[in-house]
Amino acid sequence: MCGIAGLYDLRGRPISMPLLQSMTDLQQARGPDDEGVWAEGLVGFGHRRLSIIDLSRAGHQPMQLDDGRLVISFNGEVYNYVELRRELESAGHHFRSGTDTEVILKAYDHWGAACVDRFRGMWAFAIWDRERREVFCSRDPFGIKPFFYSTLGGTLAFASDIRALLLTHPEAREPDWAFLLRQMTARRYEREAETSFAHIRALPPAHNLIAGRNGIRIERYWQFSVDEARSAYDMRSPDATFRELLLDSIRLHFRSDVPVGVCLSGGLDSSSIVALASTELGTTLDTFSIVYPGTRFSEDEYVHEVNQRFGCRPHLSTPPGDADFLETLDAMVAAHGEPDQGIGVYSQWKVMELAAPHVTVLLDGQGGDELLAGYPFFYPTFLGMLLRRGRLLRALGEYKAYRPYARDDLGRMALKSGFPFVDDLLRGVRGNVSFDHDLAAVNPEIRAAGAAAAPPRFVPTSGDALSRHLQSTISSKLLQSLLYFEDRNSMAFSIEARVPFLDRRLVEFCLALPAEEHLRDGHTKSLLRRSLAADLPERIVRRRDKKGFPTPFSEWLRGGLMRGVRQILLDPRTIGRGVLDPQRVAERLDRHENGAADHAVEIFNWLVLETWFRRLHDQAPRPIATHRNRPLAAAHMTA
């Protein structure tokens, strides 16, 4: 887990070494253990290292092949590097380090661009190929690791931290209003290539970017195929196969030369990681949890039960909430670089803060809900699929079983899913009511820009309706934002966050299963519940509530927090931007504080947007300080 930076001049001009150094220095929290800068005329790479595998100087980056033909700057982990190394050694390759970075470099040398199909892990890397005179960049299949880039001024600039690209060109800070305002609506979790900045883009998951004499091309290297998955995995015993694949992924994710812990919420996903790691790997785990005892948000009873059952070393904390919320929000927005946080990100930030003094690697259950249909919005898709197939009795039985746990009008949503043309007709009559309502306090001219249609997104074509819904949620919707939060929050504390549910083999298997394996008898995540029923406490297996990262922000707003919120949102500096209508803002603040309505989400969105303007738009970004800073073994190489 590190920070990468790079410049490649598309017109063949020498790159700016001071700029490359500044881009690298800005990412010190991502890599406090080592740093390096390499350049060769029109191309240069920077790197900040958080040492995880082979802690010696042999892991220094940017790393070169012995003959200098290839140079790499890499962020992430390739967990099956041990197996790949053996294969490469049998083919005649020799290694001088124990790192996965060198394995990637030799794999590219041996297999070319096809090497990424062999990797199991999370990655964003760039390789300078001197013979081809091109830069080969790649991002992992699910977008766990970030890769931002721009081409302003005729130079390809890329980095792990979007803030580093703001240093490259004056136009880089120009907002993308269509994207920014979508983050304040029900469409907030739509994210693929666009960002909050009009001239900065993200390399989509499962894509390579190649820059050379003929410009830039972006290519998809992996796309799910249900037929290929069903021929590759044992589909006859889904429960046993799932458990075997999850356990194998957890084993790989525990490969580390530094301490490893687990983020434990008390839900199914994180509890499953604790259960399998404790029993099958024989590991005594450090677990880290944020709890709010005595409130409807707390999951402390489940956390305690899991910790006791598996003999873990628990670390729990209850954040001070309104006492430090605004200060924490300011730090989060500065670290994230974009204003698309959700309220629960505060609690996740506090988990990382809690874990930082104890571990360098933290496993997390992120991805389990998106992979195993754990969210309520998957059930209408399932019911709609049953209706389209004419399975009316089965649909009615599932409707009755799940209805007590549904959050919305389950019947209407199921009909919409099964027969979308009906909803399309209604939308033409009523307009985009939700979008307009969410942005009622926004300047109408800016709101018009925000109402622009979202750019084309990846549309899955393989699998049943539920599988396609899962795929889109993973590739371009909710999961992309959650992984964004995961990476920024963990890196702010120099922690490597790992997500074993997003192992490619496990994902392929789960997406190829029939919908009934995931949703059954009114239960979400049926496959996980069945597969680990003997491993988990019964109360965890039977849990039907879903909390995510619950944070009592709404309650805090009715206490001491509101005063600070008013000072920010009704400040002349905020009003002077012309983005928000101060009268509407004041009205909603009053209604929330006196209990007449709950505007917590809307208020949070306003706070994040204004904080982003102050920290990223109005001033140059600064390095994020980290308590993990250690003396650097720096090296600067110029070829």
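Residues numbered from 1 in each chain as written. Predicted model: local features only at pLDDT ≥ 70, side-chain atom pairs only at ≥ 80, totals over all residues. Heavy atoms only, no water.

Q: Looking at this structure, how should I read the overall build of the protein?
A: The secondary structure content of the protein amounts to 28 helices and 18 strands. Relative to its length of 639 residues, the protein is compact, with a C-alpha radius of gyration of 24 Å against a globular reference of 26 Å. When its C-alpha atoms are laid out on the principal axes, the protein stretches across 65 × 65 × 50 Å. Within the protein, buried positions represent 61% of all 639 residues. Taking the contacts inside the protein whose residues are at least 6 apart along the sequence as the reference set, 74% of them involve residues at least 24 apart. Surface accessibility of the protein: about 23600 Å² in total, with carbon and sulfur atoms responsible for 51%. The protein carries 79 positive and 83 negative side-chain charges, and their two centres are separated by 2 Å. (Helix = DSSP H or I, 4+ residues; strand = E, 2+ residues; numbered from the N terminus. Rg over C-alpha atoms; globule rule 2.2 N^0.38 Å. Buried < 20%, exposed > 50% of the residue type's maximum accessible area, 1.4 Å probe, protein only. Contact = heavy atoms within 4.5 Å. Areas by Shrake-Rupley, 256 points an atom, 1.4 Å probe, with all protein chains shown as cover. Lys, Arg positive; Asp, Glu negative; His and termini not counted. Charge placed at Lys NZ, Arg CZ, Asp CG, Glu CD.)

Q: Sorry, what's going on with the sheet that holds strand β11 (residues 207-212) here?
A: Read from one edge of the open sheet, six strands run β4-β5-β6-β7-β11-β12, paired in antiparallel fashion. The sheet is open, and its two edges are formed by β4 (63-64) and β12 (215-220), each paired on a single side. In the sheet, strand β5 (residues 70-78) pairs with strand β6 (residues 121-129) via nine bridges, with the strands oriented antiparallel. Across the sheet, L70 pairs through a bridge with D129, a residue of β6. (Pairing = 2+ DSSP bridges.)

Q: How should I be thinking about the layout of surface pockets in this particular structure?
A: If a probe as big as a water molecule is rolled over the atoms, it shows which places are left empty. A volume near 170 Å³ is recorded for the second largest pocket. Along its surface, the second largest pocket is lined by 14 residues, and A334, R615, R622, P623 and I624 are the ones closest to its centre. For the lining of the second largest pocket, the secondary structure elements donating two or more residues are α10 (325-336) and α28 (600-617). The dominant element in the lining of the second largest pocket, judged by the number of residues it contributes, is α10, at three residues. Residues belonging to the lining of the second largest pocket are distributed by class as follows: ten nonpolar, one polar and three charged. (1 Å grid on protein atoms, 1.4 Å probe; cavity = no way out; pocket = protein on both sides within 12 Å on 5 of 7 lines; lining within 4 Å. Points joined across faces, edges and corners; volume = space filled by probe spheres on them. Nonpolar A, V, L, I, M, F, W, Y, C, P; charged D, E, K, R; others polar.)

Q: Looking at this structure, I do not really get helix α7 (residues 238-253). What am I missing?
A: An ideal rise of 1.5 Å per residue puts 22 Å on 16 residues; α7 measures up with 22 Å between its terminal C-alpha atoms. Contacts made by the buried residues of α7 are with α8 (268-280), β16 (361-363), α12 (368-372), β17 (496-498), α21 (504-512) and α22 (526-531). (Expected span 1.5 Å × (residues − 1).)

Q: What exactly am I supposed to notice about the side chain of D100 here?
A: Here D100 shows up in helix α3 (residues 100-111). One buried charged side chain, D100, makes no salt bridge at all; its nearest oppositely charged neighbour is R498, positioned 7.1 Å away. Polar contacts involving the side chain of D100 include one to the main-chain amide nitrogen of V78, which spans 3.0 Å. In this view, D100 contacts I53, F74, G76, E77, V78 and Y81; residues no more than four positions away in its chain are not counted. (Salt bridge = Lys/Arg side-chain N within 4 Å of Asp/Glu carboxyl O. Polar contact = N/O pair within 3.5 Å; in protein donor to acceptor, adjacent residues only side chain to side chain.)

Q: Would you take a moment to explain the pairing of β12 for this structure?
A: As judged from the six bridges shared by β11 and β12, these two strands associate in the antiparallel manner. Paired with N208 across the bridge in β12 is E219. Taking the residues that link successive antiparallel strands as the turn, the β11-β12 hairpin has two residues.

Q: Can you walk me through helix α25 (residues 561-569) in this structure?
A: A turn of α-helix holds 3.6 residues, and therefore any two residues three or four places apart point the same way. Residues of α25 that are buried include every one of L561, M562, G564, V565, I568 and L569, and no others. Down the axis of α25, the smallest arc covering the buried residues is 160°, so these residues share one side. Away from its buried face, by an angle of more than 90 degrees, α25 presents the exposed residues R563 and Q567. Buried residues belonging to α25 abut α10, α24 (553-556), α26 (572-575), α27 (582-593) and α28. (Arc of directions from axis to C-beta.)

Q: So what exactly am I meant to see when it comes to the confidence of the model for the protein here?
A: With 93% of its residues at a pLDDT of 70 or more, the protein has an overall mean of 91. Throughout residues 429-433 the model reports pLDDT below 50, and contacts reaching past four residues in sequence, or to other chains, amount to two contacts. (pLDDT = per-residue confidence, 0-100.)

Q: Would you mind going over a nonpolar patch on the surface with me for this structure?
A: On the surface, L10, I216 and I218 cluster together to form a nonpolar patch covering roughly 200 Å² of accessible area. Mapping I218 onto the fold places it in strand β12. Here I218 falls in the partly exposed class, since its relative accessible area comes to 38%. (Patch = residues over 30% accessible without salt bridge, like charges linked within 9 Å, V, L, I, M, F, W, Y side chains within 5 Å.)

Q: Looking at this model, I keep getting lost on the environment of I127. Mind explaining?
A: Inspection of the secondary structure assignment puts I127 in strand β6. Using a relative accessible area of 0% as the deciding quantity, one classes I127 as buried. Between the C-alpha atoms of I127 and Q366, which are 239 residues apart in sequence, the distance is 29 Å.

Q: What's the story with the sheet that holds β17 in this structure? I'm lost.
A: Spatial strand order, β15-β14-β13-β16-β17: five strands in an open sheet with parallel pairing. Of all strands in the sheet, those with a lone pairing partner are β15 (313-317) and β17, marking the two edges. Ignoring which end each strand starts from, the neighbouring axes of this sheet average 30° apart. Examined bridge by bridge, strand β13 (residues 260-263) and strand β14 (residues 286-290) share two bridges and lie parallel to one another. The partner of C263 across the bridge, within β14, is F288. Packing of helix α9 (residues 300-310) onto the sheet brings it into contact with β14 and β15, and relative to β15 it is tilted by some 165°. (Axes fitted to C-alpha atoms, helices over the stretch in contact; angles between N-to-C directions.)

Q: Is there a simple way to explain the packing of aromatic side chains in this structure?
A: Two descriptors summarise a pair of aromatic rings, namely the distance from one centre to the other and the angle between the planes of the rings. Across all of its chains, the model carries 29 aromatic pairs by this definition. Pairing Y402 with Y405 gives two aromatic rings, centres 6.4 Å apart and planes at 45°, and the pair type is tilted. Exposure remark for Y402: the relative accessible area of 5% places this residue in the buried category. For R191, the ring lying beneath its charged end belongs to Y484, and the centroid distance is 4.4 Å. The positively charged end of R543 is found above the aromatic ring belonging to Y302, 3.8 Å away from the centroid. (Phe/Tyr/Trp six-rings, centres within 6.5 Å; stacked < 30°, edge-to-face > 60°. Lys NZ or Arg CZ within 6 Å of the ring centre and 35° of its normal.)

Q: Got a minute to help me understand the nonpolar core in this structure?
A: Nonpolar side chains tend to gather and get buried jointly when the protein is soluble and globular. Core analysis: the biggest nonpolar cluster contains 183 residues, and F119, F125, F242 and F553 have the highest contact counts within it. Residues contacting F125, with those up to four places away along its chain left out, are I4, I72, S73, F74, I104, V116, F119, F136, C137, S138 and F147. Within the second largest apolar cluster, 19 residues are counted, among which are L42, V43, V135 and L156. (Core = buried A, V, L, I, M, F, W, Y, C linked by side-chain atoms within 4.5 Å.)

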